[in-house]
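# Examining the three-dimensional arrangement
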Amino acid sequence: MSEIPAKATESEDPSDGARAETASVLACDAGHTLADGEGEVPAGDALWQSSPPGSIYDYIRVASFSIGPDGLVDQWSLRAEQIFGIRADRAVGMDPIDAFVDPDRRERGQRKMAEILDGREWTGVVPFRIPASPDAGDGARGEQGLAEVYVMPTRTQEGEKAAVCIVVDVRTLRSIETDLAASQAIFGQSPFGFLLIDPELRVRRANERFASIFGGTPDDHRGKGVHDYLPRPEAERVSAVLRRVLETGDSITDMHVTGFVPGSEERRHWSVNLYRVHSGSGRPIGIAWLGTDITARRAAAREAAAARRNLALLNEAGARIGNSLDLETTARELLDVVVPGFCDLATVDLYQGLLAGDETPPGLADGSAELRRVAFSSAVSDGPLTGSGTDVAVGAVHHFPFNSPHADALRTARPASIPGEEGGLVQSTLAIPMVAHDTVVGLAQFSRTKGSEPFGDRDRDLAVELAARAAVCIDNARLYRREHERALMLQRSLLPPGDPVASGLDIACRYLPGSVASGRPSEVGGDWFDVIELPGHRTALVVGDVMGRGLRAAVAMGELRTAVRTLALLDLEPAEVLSALDEIARGLGTPGGVQQATRAARRPREADLSEVYLATCVYAVYDSVTRRCTFANAGHLPPVLVEPGEPALMLDVPPGMPLGVGGEPFEEVEVELPEGALLALYTDGLVESRDHPLDEGLQAFVGALTDPTSPLEDVCDHVLNTLDTHHGEDDIALLMARVQGLPADSVGDWTLPREPRSVGRAREYARGQLLSWDLEPLVDTTELLVSELVTNALRYGEGEIRLRLLLDRTLVCEVWDSGLVQPRRRRARDTDEGGRGLQLVGLLSAAWGSRRTPRGKTVWFELPLPDGGSGLADPAEALLSLF
């Protein structure tokens, strides 16, 4: 048996034995086998390599043994030991038919063995079983298998017939067949690009899909590297990843690779999976590259990301734009949304007429009306960028030329795309007209710098939507500003003009609408105050607050203030004034006025809260002669009094019900005010806000009034600076008065008996008092009018008569009696002998009137002082004018 070694090889590696047995096969096929990346190996060097080459025998299970002339095993290879699991010392001498064939097939096996020993070759598939171990018990059966056997007859040295058997494990062959089919599917049928890359990072094999993308046949790509397919930076990156996979064995999944395919300028994207490939013995022999074209998926992902970005931008715009009712703030909110998320540079221009408060924005047909730049934002630089249009500073007024695309966008209300200027930083600009309710209110410009993604149709649609949302908010702010300014104008027109002046009082006041107090637009409220001069050098102080805000509250406040002044001129008591105001307030929300409201109050009905007008008010009447002040309160905060040398305190004035509620009387409280005392009336906006409760605000207000001797203007400023007056939640009204009573030498007071000679005595008293006051020019007129009033008191009044002269900024004369009948002025006929006294009083005095008192009535007249700038009427001329 010269073809087969006499003994099994002594190599410890079974694969070495196989290689020794198949050296000639290796020598022929080495050029077609991957061996450590060495490429083709000459046949003569196949057995002299420093590292064992790869071989097909690493993958299939092949063994050999020989059968002697007696039909028993006489040679047993190490490969046979691997396949059958029987050592050579046991296998030699065994009958292969009895050892490996099942009993029911042994007879046929014996016939085949006889034929083989008779010199016939035989090839076939033979089921076999591995004999049980000698240590196994009776009945034990070995492992079953299937082998393809090739039997070749031979002769021994003595010339006897023998045989050599080559055995292949069929199960391993079928596994290799399956793997080859899968490999063929990858290389010939797979829709994915597949590469087998050797350790030198060269393509060893490419499949049909890869070749169809990059051109040529699969064999054309053999030996190429990644630099032949990818741009240099990308190729360097991919090469580094390939080396890492080859060195570490760590797989890479979904690595994104970017490049170009031959004949196309379109940038392509691939998702690549990499893993290291090993030989049957576990030795690394290369890298498998599996790539998928994801260009369309990336484009779809970009579209989806852009859609999500646009949706998020719209959501952000809805949340951030329009939070303020200020035009400029709304424009800045738009730019805060779009820069830098949508563009790099943005501006907003609004029509100047709109900002000036015109009824209708002056959108001229040619689009060249004046605009003011109200907002600018840049993510690149704070300075202007060449190519973004005319450089206009924020706040500057400008206009666009008639032929410019900006004017065309304003004229047609359609967006315009404006390319950037050569050499500038701006790539392109979108000029978007801001349209609200079919009216163009301004122009928004969005610019992207060079290097950014250019604007597309989707970007233009998004810009139009963002500009439209901002335009609606700006138009709402414009309408609100107009209403707010009108309401504020109405409210201010109803407040006392300038600094009020009162007899015996030093007055200072402050009024802060909510918009002024907060620094942002808000609705005006219904707060008001008033200082009303009453006869007899008395003064009415009024502070009120209509519940609610806006134009409705301002109008209601105006009506109530007018009613207060009218009722005050009737010289009613404070409680009577508030009772009449309560009736008027209930009639404000009812068609038909007070009468209808009174009737409606008598029958049950469901209240319409939207038509209910409620207000709080405190009404005080101060007499400068007696320094006594009478208070009545309708649900308002209590007045604060600061006496000299004493801490401030809140007066205990019964609050009563608010005006408009009805059904409850109002109480009066009379307080004597010391000289130099400080009296403060205010509204709740001064002492109450969301952050500061009412009690805390009242205590802070009382604590702020520490120095009543300071100038009143300074006291007002100190109070406003000390308290939280910048919350802007409500209007603030503050009225402060320092008591300065009429000096005793400025008052003349006499009591006259009820007799005719009291008329002459009254003239004497008046003359003497005026001369002592150095008012000689008023003596004649005063004597004449005093005699008329005293005569009327004697003729039509009751009880004793009281004459009082008061000197302050004017001269006031009062005649008191106990009669309740009020004098009534009438025009006397030419034939009447009397009835001209009150006419004479009206002609010669600056003012006159009568009022009820707790004990009767008082008739009075007022004369200007000689240096007051008002000329005195000539008594003679006045007498002649009566006839």
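It should be emphasised that the depicted structure is a prediction, and the values quoted were computed from it without experimental measurement. (Residues numbered from 1 in each chain as written. Predicted model: local features only at pLDDT ≥ 70, side-chain atom pairs only at ≥ 80, totals over all residues. Heavy atoms only, no water.)

This part is about the pattern of salt bridges. This model, assessed by the stated rule, comprises 37 salt bridges. With a closest N to O distance of 2.7 Å, Arg458 and Glu303 form a salt bridge. Residue Arg458 is located in helix H14 (residues 457-494), and its partner Glu303 is located in helix H10 (residues 295-320); the two are separated by 155 residues in the primary sequence. Note that Asp571 is salt-bridged to Arg851, the shortest N-O span being 3.4 Å. One end of the pair, Asp571, is in the loop between helix H16 (551-569) and helix H17 (574-588); the other, Arg851, is in strand S30 (residues 847-853), and 280 residues separate them in sequence. Exposure class is identical for Asp571 and Arg851. Each is buried. Taken together, the shared-partner salt bridges in this structure form one network comprising Arg538, Asp571, Arg804, Glu814 and Arg851. (Salt bridge = Lys/Arg side-chain N within 4 Å of Asp/Glu carboxyl O. Helix = DSSP H or I, 4+ residues; strand = E, 2+ residues; numbered from the N terminus. Buried < 20%, exposed > 50% of the residue type's maximum accessible area, 1.4 Å probe, protein only.)

Roughly 780 Å³ of volume is contained in the second largest pocket. Around the second largest pocket, the lining is made up of 25 residues, and of these Arg802, Trp816, Arg851, Thr853 and Pro854 lie nearest the centre. Contributions of two or more residues to the lining of the second largest pocket are made by strand S20 (615-623), strand S21 (628-634), strand S24 (668-672), strand S28 (801-807), strand S29 (810-817) and S30. Residue composition of the lining of the second largest pocket, grouped by class: six nonpolar, five polar and 14 charged. (1 Å grid on protein atoms, 1.4 Å probe; cavity = no way out; pocket = protein on both sides within 12 Å on 5 of 7 lines; lining within 4 Å. Points joined across faces, edges and corners; volume = space filled by probe spheres on them. Nonpolar A, V, L, I, M, F, W, Y, C, P; charged D, E, K, R; others polar.)

This paragraph deals with the sheet that holds S20. Spatial ordering of the open sheet is given by S18-S19-S20-S21-S24, a layout of five strands whose pairing is antiparallel. Of all strands in the sheet, those with a lone pairing partner are strand S18 (525-534) and S24, marking the two edges. In this sheet, neighbouring strand axes are inclined to one another by 15 degrees on average, regardless of whether the strands run parallel or antiparallel. Across the sheet, H16 is in contact with S18, strand S19 (538-549) and S20; its angle to S18 comes to roughly 15 degrees. Sitting on the sheet, H17 touches S20, S21 and S24, and the angle it makes with S21 is about 25 degrees. (Pairing = 2+ DSSP bridges. Axes fitted to C-alpha atoms, helices over the stretch in contact; angles between N-to-C directions. Contact = heavy atoms within 4.5 Å.)

Each aromatic ring pair is specified by the distance between its two centres and by the angle formed by the two planes. Applying the stated criterion to the full structure yields 13 aromatic pairs. Summarising the aromatic geometry, the rings of Phe342 and Phe446 are spaced 5.8 Å apart at their centres and angled 85 degrees between planes, so their arrangement reads as edge-to-face. With a gap of 104 residues between them, Phe342 in the loop between helix H11 (327-338) and strand S11 (345-351) and Phe446 in strand S16 (residues 439-449) connect regions that are remote in the sequence. Look at Phe342 and you get buried, because its relative accessible area is 2%. Exposure remark for Phe446: the relative accessible area of 0% places this residue in the buried category. What links up through ring pairs into an aromatic cluster is the set Phe65, Trp76, Phe84, Phe100 and Phe128. The ring of Trp816 is capped by Arg851, whose NZ or CZ atom sits 5.7 Å from the centre of that ring. (Phe/Tyr/Trp six-rings, centres within 6.5 Å; stacked < 30°, edge-to-face > 60°. Lys NZ or Arg CZ within 6 Å of the ring centre and 35° of its normal.)

In this section: helix H19 (residues 694-704). For H19, every residue scored as buried is listed here: Gly697, Leu698, Phe701, Val702 and Ala704. Projected down its long axis, H19 carries its buried residues within an arc of 160 degrees, all on one side. In H19, the exposed positions that point more than 90 degrees away from the buried face belong to Asp695 and Gln699. In this structure, the buried side of H19 is in contact with strand S22 (640-642), strand S23 (649-650), strand S25 (678-682), helix H20 (712-722) and strand S26 (732-739). (Arc of directions from axis to C-beta.)

Residue alternation in strand S14 (residues 416-419) divides its side chains into a buried set, Ala416 and Ile418, and an unburied set, Ser417 and Pro419. Pairing between S14 and strand S15 (residues 426-436): four bridges, direction antiparallel. Following the sheet pairing, Ala416 is matched in S15 by Ala431. Following S14, the chain reverses through six residues before pairing antiparallel with S15; Gly423 in that reversal takes a positive phi of roughly 90 degrees.

Direction vectors running N to C along helix H22 (residues 779-796) and helix H23 (residues 837-844) enclose 145 degrees, while the axes themselves pass 10 Å from each other. Along this stretch, H22 crosses H23, giving a crossing that reads as left-handed. Counted together, Thr781, Leu784, Leu785, Glu788, Leu789 and Asn792 of H22 and Gly837, Leu838, Leu840, Val841 and Leu844 of H23 form the full contact between these two elements. Classifying every residue of the contact of H22 with H23 by side-chain character gives seven nonpolar, three polar and one charged. (Left-handed = near helix turned anticlockwise from the far one by under 90°.)

Within a beta sheet, neighbouring strands are joined by backbone hydrogen bonds and run either parallel or antiparallel to one another. With antiparallel pairing, the five strands of this open sheet are ordered in space as S27-S28-S29-S31-S30. Each edge of the sheet is formed by a strand with only one pairing partner; in this case those strands are strand S27 (747-752) and S30. Between one strand axis and the next, the sheet turns through 15 degrees on average, direction left out of account. Where S27 lies against S28, six bridges are found, and the strand directions are antiparallel. Across the sheet, Asp749 pairs through a bridge with Arg804, a residue of S28. Contacting S27, S28, S29 and strand S31 (856-864), H22 crosses the sheet at an angle of about 170 degrees to S31.

So, about the nonpolar core. Here is a general trend for soluble globular proteins: nonpolar side chains tend to be buried in one another's company. Ranked by size, the top nonpolar core spans 48 residues in total, and within it Leu334, Val338, Phe342, Val348, Met434 and Phe446 carry the most contacts. Considering every element that reaches this core, the biggest residue donor is H14, with eight residues. Apart from the residues within four sequence positions on either side, Phe446 is in contact with Val338, Phe342, Cys343, Leu345, Ala346, Ser428, Thr429, Leu430, Ile432, Phe455 and Ala463. (Core = buried A, V, L, I, M, F, W, Y, C linked by side-chain atoms within 4.5 Å.)

The subject of this paragraph is unusual backbone geometry. Cis geometry is adopted by the peptide bond preceding Pro340, which originates at Val339 and carries an omega value of 5 degrees. Mapped onto the fold, Pro340 is located in the loop between H11 and S11. The backbone of Leu201 shows a phi angle near 60 degrees, a positive value even though the residue is not glycine. Along the chain, the position of Leu201 falls in the loop between strand S6 (193-197) and strand S7 (203-206). Although it is not a glycine, Asp571 adopts a positive phi angle of roughly 60 degrees. Owing to a relative accessible area of 8%, Asp571 belongs among the buried residues under this scheme.

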